[in-house]
Amino acid sequence: VDLDAAASAFYAKADSLSHCAIVSSLDPSHVKIPRRPRPDASIHPSPWRPHVAASNRLICWSSPQGADFLSSLESHFPQQSVFRLFHVMLQSLDVNTRSNYGAGLLRFTQFCDLFAIPETSRMPAPSELISLFAAHHAGHVSEKTLNNWLAGLHFWHIVNGMPWNGDDMLRHVRRGFTKLVPPSSKRAKRPPITLEALCILHDCLNLTNTFDTSVWALASIAFWSCCRLGKLLLPSPNAFDVSKHVSHQVLPLSISSLNNGTHYSTFHIPWSKTTLSLGADISITSRDHHTCPLLALLNHCTGSLGIPSDAPLYAFRTSSGWSPLTRSWFLNRCNQIWVSAGFPDMPGHAFRIGGATELLLQGVPPDVVNTQGRWKSQAFLDYWHQISS
């Protein structure tokens, strides 16, 4: 990102800085349009809280103190320096993280509206107000949800130059909150996709169809390479981002072989949850089995010849050209087959769990499984400990 050019372009059209304008400067070609609020997401009208997408609330929602902080910055520093400050802070959070944090800011605002907390008393939020907000939701939401809400509220204070007053009172509230989490908010353990389920998927897909071929390539790689689907798939057809999603530019694949005749290949993804923009290398090893992920990927590449190099890797041919494979299309196709075969509806993370479990059952050393799945901790051993066979 050329921040100087972005700042110059911004100030050519605006005389003063605003948080909402900085949000739009991040990606002017893709402005998020807010949806109509759900009945449980309404707040009292306020000029400090415009109707924006959840991912933009942390920046666009402000307060009298936040406005004073922004004015103070502009009076002491060049406008381009202030622009750079907020622009860089925004880059510290992924869009999905900003959406999750924005939900916390919404709930905090609703809490303050409910008890008629004055605008000037909401920021910086006193320790008592933060603790009351957390305690208000005890027994109704999960600990993870509360942590996201408080992290969002904390970031909102940082952006507006206000101190964060989370202290001992909040620490004890959070401890009590954990003990009061309702059973309905505790997610059941995700079942792993088994090798048997993967075989059934292979047998029931029509591998002469380019859509099913792309589904199979993705399924076998997600399983044997222990991948998160978010690394390989798009959330929606128009969500492709070359800085985050792998494209056809990784083709043609370079295939190497070991002394024992095993073939392998790798391709690089530009972004991952743990390494961010450093990305990661996805390692694909051939297997003497009809679920071989390397063969599945090569078949997909053959069927997608002629698709532009800047298209997503898992794009498939259609009657009108091509289309990217999305997460919902992929999971719907897999579960259509599995449910009809008597399996439960499987979530996306079940591929990563199932692949790690199968590799461990086959005697692959745990450190190799750890490397294959690109884990940065020993969390994957939870799958090992849960194996009952």
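Keep in mind it's a predicted model, so treat the numbers as computed, not measured.

Cut-off values and rules
Note that residues are indexed from 1 along each chain, following the sequence as it is written. With the structure being a predicted model, the display of local features is reserved for residues of pLDDT at least 70 and the display and counting of side-chain atom pairs for 80 or more, all residues being used for whole-chain, interface and lining totals. Water and hydrogen atoms play no part in the side-chain values, which are based on all heavy atoms of the structure. Among buried residues, the Ala, Val, Leu, Ile, Met, Phe, Trp, Tyr and Cys ones that are joined through side-chain atoms within 4.5 Å form a nonpolar core. Buried, partly exposed and exposed residues are distinguished by accessible area as a fraction of the type maximum, computed with a 1.4 Å probe on protein chains only: under 20%, between the cut-offs, and over 50%, respectively. Counting from the N terminus, the helices are DSSP H or I runs at least four residues long and the strands are E runs at least two residues long. Whether two residues are in contact is decided by their heavy atoms, any of which lying within 4.5 Å being enough. Salt-bridge detection follows one rule: a side-chain nitrogen of Lys or Arg within 4 Å of a carboxyl oxygen of Asp or Glu. Only the stretch in contact is used when fitting a helix axis, every axis being a line fitted to C-alpha atoms; angles between N-to-C directions are given from 0 to 180 degrees. Angle categories: roughly parallel below 35 degrees, roughly antiparallel above 145, roughly perpendicular from 65 to 115, and oblique for all the rest. Note on residue categories: nonpolar means Ala, Val, Leu, Ile, Met, Phe, Trp, Tyr, Cys or Pro, charged means Asp, Glu, Lys or Arg, and polar means any other residue, Gly included. Whether two strands pair comes down to DSSP finding at least two bridges between them. Definitions for this section: a left-handed crossing has its near helix turned counterclockwise from the far helix by less than a right angle. A right-handed crossing has that turn clockwise. The span expected for a helix works out to 1.5 Å for each residue beyond the first. Here, the arc refers to the directions that run from the helix axis to the C-beta atoms. Two aromatic rings, drawn from Phe, Tyr or Trp (for Trp, its six-membered ring), form a pair once their centres lie within 6.5 Å of each other, and the interplanar angle then sorts them: stacked below 30 degrees, edge-to-face above 60, tilted otherwise. Two conditions define a charge sitting above a ring: the NZ of Lys or the CZ of Arg must be within 6 Å of the ring centre, and it must be within 35 degrees of the ring normal.

Now for the nonpolar core. Leu218, Phe267, Tyr314, Leu325, Phe330, Trp338 and Phe351 are the most contacted members of the largest nonpolar core, which has 54 residues in total. Going through the elements one at a time, helix H10 (195-204), helix H11 (210-224), strand E2 (263-269), strand E3 (280-285), helix H12 (293-303), helix H13 (327-340) and helix H14 (350-361) are the ones with two or more residues in this core. Top contributing element to this core by residue count: H11, with 10 residues. Ignoring sequence-local partners within four residues, the contact set of Leu218 consists of Leu229, Leu232, Leu233, Tyr314, Leu325 and Phe330. Residues Leu105, Phe108, Leu146 and Phe155 belong to the second largest nonpolar core, which totals 38 residues.

So, on to the pattern of salt bridges. Considering all chains together, one arrives at 5 salt bridges under this definition. Here Asp113 makes a salt bridge to Arg122, at a shortest N to O gap of 2.9 Å. Each member of the pair Asp113 and Arg122 is classed as buried.

This next bit is on the packing of helix H7 (residues 127-136) against helix H9 (residues 168-179). Viewed as axis vectors pointing N to C, H7 and H9 meet at an angle of 5°, and their least axial separation amounts to 9 Å. Comparing their axes, H9 and H7 come out roughly parallel. Here H7 contributes Ser127, Glu128, Ile130, Ser131, Ala134 and Ala135 to the contact with H9, which in turn contributes Met169, Leu170, Val173 and Phe177. Looking at the contact of H7 with H9, its residues break down into 7 nonpolar, 2 polar and 1 charged.

Ordered in space as E1-E2-E3, the 3 strands form an open sheet in which the pairing is antiparallel. If you trace the sheet from one side to the other, it starts and ends with strand E1 (256-257) and E3, each paired once. Here E2 runs beside E3; their pairing, made up of 6 bridges, is antiparallel. Among the inter-strand pairings, Thr266 is bridged to a residue of E3, identified as Ser283.

Attention shifts here to the packing of H11 against H12. Here H11 crosses H12 at 150°, and the two axes come no closer than 8 Å. Regarding the angle of H11 to H12, the classification is roughly antiparallel. Here the hand of the crossing between H11 and H12 comes out left-handed. Residues Thr210, Thr213, Ser214, Trp216, Ala217, Ser220, Ile221 and Trp224 of H11 touch H12, and the partners they reach there are Pro293, Ala296, Leu297, Asn299, His300 and Gly303. The residue makeup of the contact of H11 with H12, split by class, is 7 nonpolar, 7 polar and no charged.

Turning our eyes to something else, we now look at unusual backbone geometry. Here the bond from Met123 into Pro124 is cis, since omega is -5°, no more than 30 degrees from zero. Here the residue pair Leu251 and Pro252 is connected by a cis peptide bond, since its omega of -5° sits within 30 degrees of zero. Looking at the secondary structure, you find Pro252 in the loop between H11 and E1. In this structure, Cys226 takes a positive phi of about 55° despite not being glycine. Among the secondary structure elements, Cys226 is positioned in the loop between H11 and E1. For Cys226, a relative accessible area of 0% corresponds to the buried category.

So, about helix H4 (residues 64-76). Given a rise of 1.5 Å per residue, 13 residues ought to cover 18 Å, and the 19 Å separating the end C-alpha atoms of H4 matches this to within 8%. Among the residues of H4, those classed as buried are Gln65, Gly66, Leu70 and Leu73. Along the axis of H4, the buried residues cluster in a sector spanning 140°; they form a single face. For H4, the exposed residues set more than 90 degrees away from the buried face come down to Asp68 and Ser75.

Residue placement: Arg36 occurs in the loop between helix H2 (19-26) and helix H3 (57-60). Relative accessible area serves as the criterion here: at 79%, Arg36 is assigned to the exposed category. The sequence separation of Arg36 and Val52 amounts to 16 residues, and the corresponding C-alpha distance is 9.7 Å.

Another point: the packing of aromatic side chains. Enumeration over the complete set of coordinates arrives at 9 aromatic pairs. Among the aromatic residues, ring-to-ring pairing joins Phe108, Phe111, Phe115, Phe133 and Trp149 into one connected group. The residue whose ring lies beneath Lys244 is Trp271, and the NZ or CZ to ring-centre distance is 5.1 Å.

Okay, the environment of Trp61 next. Topologically, Trp61 is positioned in the loop between H3 and H4. When the C-alpha atoms of Trp61 and Leu105 are compared, they prove to be 8.8 Å apart, with 44 residues separating the residues in sequence. With near-sequence residues (within four places) excluded, Trp61 lies in contact with Ile43, Trp48, Arg49, Pro50, Val52, Asn56, Leu105, Leu106, Thr109, Trp156 and Asn160.

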